Amino acid sequence: MAVILSNTLVSAGIFKMTVAFTGAVKPGQFFMLRAWDKDPLLSRPISVHNYESGQLTFLYQVVGKGTEILARLQADDEVTIQGPYGNGFPEITGDLCVVGGGIGTAPLYYLVRHYQEQNPTGKCRVYLGFRDIAYGADAFAALADEVVLDVGGIITDKLTVLPGETVVTCGPEIMMAAVAGAVPAENTVYVSLEAHMACGIGACLGCTCETRSGNKKVCTDGPVFVREEVFNV
Ligand SMILES: Cc1cc2nc3c(=O)[nH]c(=O)nc-3n(C[C@H](O)[C@H](O)[C@H](O)COP(=O)(O)OP(=O)(O)OC[C@H]3O[C@@H](n4cnc5c(N)ncnc54)[C@H](O)[C@@H]3O)c2cc1C
Ligand code: FES
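What you are looking at is a predicted structure, and each value in this text was computed from that prediction instead of being measured. (Residues numbered from 1 in each chain as written. Chains lettered and ligands numbered in written order. Predicted model: local features only at pLDDT ≥ 70, side-chain atom pairs only at ≥ 80, totals over all residues.)

Peer 1: Which parts of the structure should I look at to understand the sheet that holds strand β10 (residues 146–151)?
Peer 2: Two modes of strand pairing occur in sheets, parallel and antiparallel, and in both the strands are linked by backbone hydrogen bonds. Strand order across the open sheet formed by six strands is β10-β9-β8-β11-β12-β15, with mixed pairing between neighbours. Each edge of the sheet is formed by a strand with only one pairing partner; in this case those strands are β10 and β15 (224–226). When strand polarity is set aside, the average angle formed by the axes of neighbouring strands in this sheet is 15 degrees. Note: strand β11 (residues 166–170) against strand β12 (residues 189–192), four bridges, orientation parallel. Among the inter-strand pairings, Thr169 is bridged to a residue of β12, identified as Val191. Together, β8 (96–101), β9 (124–130), β11 and β12 form the strand contacts of helix α2 (residues 106–118), whose direction differs from that of β8 by roughly 165 degrees. Those strands touched by helix α4 (residues 173–182) are β8, β9, β11 and β12, and its axis lies near 170 degrees from that of β12. (Pairing = 2+ DSSP bridges. Helix = DSSP H or I, 4+ residues; strand = E, 2+ residues; numbered from the N terminus. Axes fitted to C-alpha atoms, helices over the stretch in contact; angles between N-to-C directions. Contact = placed C-beta atoms within 7 Å.)

Peer 1: How do you make sense of the sheet that holds strand β5 (residues 50–52) when you look at a structure like this?
Peer 2: The seven strands lie next to each other as β4-β3-β7-β1-β2-β6-β5, forming an open sheet whose pairing is antiparallel. With partners counted over all chains shown, the strands left at the sheet margins are β4 (44–47) and β5, one partner each. Taking each pair of neighbouring strands and ignoring which way they run, the sheet shows an average axis angle of 35 degrees. Each of β2 (14–20), β3 (30–34), β4 and β6 (55–61) is contacted by helix α1 (residues 65–72), which is oriented at about 130 degrees to β6, the strand it contacts most. On top of the sheet, α2 reaches β4, β5 and β6; it is set at about 40 degrees to β5, its chief contact.

Peer 1: Can you walk me through the nonpolar core in this structure?
Peer 2: If you look at soluble globular proteins, the nonpolar side chains tend to sit buried side by side. Membership of the largest hydrophobic core comes to 62 residues, with the highest contact counts inside it found for Val98, Val112 and Val179. Per element, the largest residue contribution to this core is seven residues, and it comes from α2. Residue contacts for Val179: discarding those within four places in its chain leaves Val99, Thr156, Leu159, Val167, Thr169 and Val189. (Core = buried A, V, L, I, M, F, W, Y, C linked by C-beta atoms within 7 Å. Buried ≥ 20, exposed ≤ 12 C-beta atoms within 10 Å, placed from the backbone.)

Peer 1: What should I look at first to understand the pairing of strand β7 (residues 78–85) in this one?
Peer 2: Regular strands show a simple pattern: their side chains alternate between the two faces of the sheet. The pairing of strand β1 (residues 2–11) with β7 spans two bridges and is antiparallel. Its bridge partner lying in β7, Ala2 is registered against Val79. Pairing analysis gives four bridges linking β3 to β7, with the strands arranged antiparallel. Bridge pairing in β7 places Phe30 opposite Tyr85.

Peer 1: In this structure, what is going on with the site of ligand 1? I would like to understand it.
Peer 2: Taken together, the neighbourhood of ligand 1 is formed by 21 residues, with Ser47, Tyr60, Gly64, Gly66 and Thr67 sitting nearest. In terms of residues, the shell around ligand 1 owes the most to one element, β4, which gives four residues. Residues of the shell around ligand 1, tallied by class, amount to 12 nonpolar, six polar and three charged. (Near = placed C-beta within 6 Å. Nonpolar A, V, L, I, M, F, W, Y, C, P; charged D, E, K, R; others polar.)

Shown next, in the form of structure tokens:
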């Protein structure tokens, strides 16, 4: 159980929940959340949006029953969080370019913050695409060397990747596939996949995805994969 410190609306249908937590948490990892008894049956996977000074933050979109219940919680309520789970993003040492779409921008904030802490002289560029309303762009702008924002268009149309940059993308699969196809082969590209998850710990096989090296579990082998593993490029 974790105590909720705040749970606020940040944009239409988008909430930010902060809970008290201690322990190691890597960017790109996720927790299984629940604040209900039997209905819905399963806990819900939500990525780490930020982790700082014992405060763990989730940025989530209300899309169904589970996230609707989460959105009704208030400060001092309790939520069950299990994790952190998943491999997370690898440590990146050269320059970084992140490409996020919609709620897929959620795990990229902690990645950028962590990257800047570890690589104070490294360059970090951020591309953010939203269907209708942008959120979180100011927070990225406070950290990154450049932020390219697109609302209503196709963010990958604006994407230019520089030699030596490592690219990290999270968002709709069609956007990640476009990034995987557009970035030159010389640049490493990591993608963070989504899948329906029941257990989050590799036990149910509910999140299996096909990769170049056979079936893998998104929850334990991923959610972060190198692009060649999961996209035909
Ligand atoms: C590793 C991981 C990290 C995630 N991180 C975040 C995050 O940081 N913020 C966030 O808002 N969401 C995140 N998600 C998606 C989130 O888990 C789902 O939106 C949530 O489980 C929906 O629960 P619900 O009960 O509200 O909706 P449901 O009633 O279960 O579903 C509503 C709709 O969402 C679709 N859906 C449900 N679960 C998933 C899923 N796992 N992947 C894709 N589509 C789904 C359903 O097919 C349905 O169309 C993440 C998913 C994964 C696998
Ligand atoms: S969610 Fe159960 S194996 Fe991945």
